[in-house]
Amino acid sequence: MNQISPLAYIHPEAKLGDNNVIGPFCYIDRDTVIGDNNVFQNSVTINVGARIGNNNEVFPGASLSTKPQDLKFHGEETICEIGDNNSIRENVTISRGTASKGCTKVGSNNLLMENMHIAHDCVVGNGCIIGNSTKFAGEVTVDDNAIISATVLIHQFCHIGGYVMVQGGSRTSQDIPPYIIAGKEPIRYAGVNLIGLRRRGFSNELIQNIHEAYRIIYQSSNTRADALQLIKETIPLSPEIQYIIDFVEASQRGIIK
């Protein structure tokens, strides 16, 4: 049975699962679907188009599936999907999609820290940690297990690779490839995320191969195409090395220097 504060408002058309806790001054709008075992602390707003999974905890002042901050949005029916087991801290805002993609997606097991923003049509994977006051512009993609520190600004359409560590206060208008540390001003490649990869169980041999791949990409005069061809010829192919190759090949904005 749901525990709903008498001071909360839930639209009659909202669909709630079981065993949710909805605190005082929460507002849950129409066209919303909420799973089981979620905790909405006081003053949480769930806007039109929200699709929320199970076992999430949402802290005061958060506003999910907000109207996109995009002048091209004209009220089309779009959604915001949020998975399971997320911790969404105070004053986090997540916009729903626009006609571009129709959906903003946040996966599962993420920690979204206080006052951070995810704009329309973004895709955030699983197991990510996003620091206080970090802001994603529209249509940013963040792959699994990325750690993005506080007050980071990500330009629209950027792609952030998995297992990265992005230094606090950074800003980027280019893609950040997987497994690396990115920082300094202007932002640039600062080595392989050794500690993060070891914590995730990557073998020394695999880490060395990743390091060698980035040595070829960043420490040679090769063109991007030549560097990727050299990686294919000289480094044992694994899913992780293929991920690097595919990421760089697909980059539309170019990768950081």
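Everything that follows concerns the structure shown earlier in this document.
Residues numbered from 1 in each chain as written. Predicted model: local features only at pLDDT ≥ 70, side-chain atom pairs only at ≥ 80, totals over all residues. Heavy atoms only, no water.

Asker: Can you walk me through the pattern of salt bridges in this structure?
Answerer: A side chain of one charge can pair with a side chain of the opposite charge when the charged atoms of the two come close. Evaluated as defined, the whole model comprises six salt bridges. Of the charged contacts in the structure, one is a salt bridge between E185 and R171, with a shortest N-O distance of 3.6 Å. Remark: R171 occurs in strand β26 (residues 171-172) and E185 occurs in the loop between β27 (180-183) and β28 (188-192); sequence separation between them is 14 residues. Linking R215 and E212 is a salt bridge whose minimum nitrogen-to-oxygen distance equals 2.6 Å. Note that R215 and E212 are positioned in helix α2 (residues 204-218) at a spacing of three residues, about one turn of the helix. For R215, a relative accessible area of 33% gives the class partly exposed. A relative accessible area of 23% means that E212 is categorised as partly exposed. (Salt bridge = Lys/Arg side-chain N within 4 Å of Asp/Glu carboxyl O. Helix = DSSP H or I, 4+ residues; strand = E, 2+ residues; numbered from the N terminus. Buried < 20%, exposed > 50% of the residue type's maximum accessible area, 1.4 Å probe, protein only.)

Asker: Where do I start with helix α3 (residues 224-234) in this structure?
Answerer: Since there are 3.6 residues in each turn of an α-helix, residues three or four apart along the chain are aligned in direction. Taken together, the buried positions of α3 are occupied by A227, L228 and I231. Buried residues along α3 cover an arc of 95 degrees about the axis, so they all sit on one side. For α3, the exposed residues set more than 90 degrees away from the buried face come down to A225 and E233. Residues of α3 that are buried make contact with α2 and α4 (239-250). (Arc of directions from axis to C-beta. Contact = heavy atoms within 4.5 Å.)

Note that all results are geometric; they support no functional claim without further evidence.
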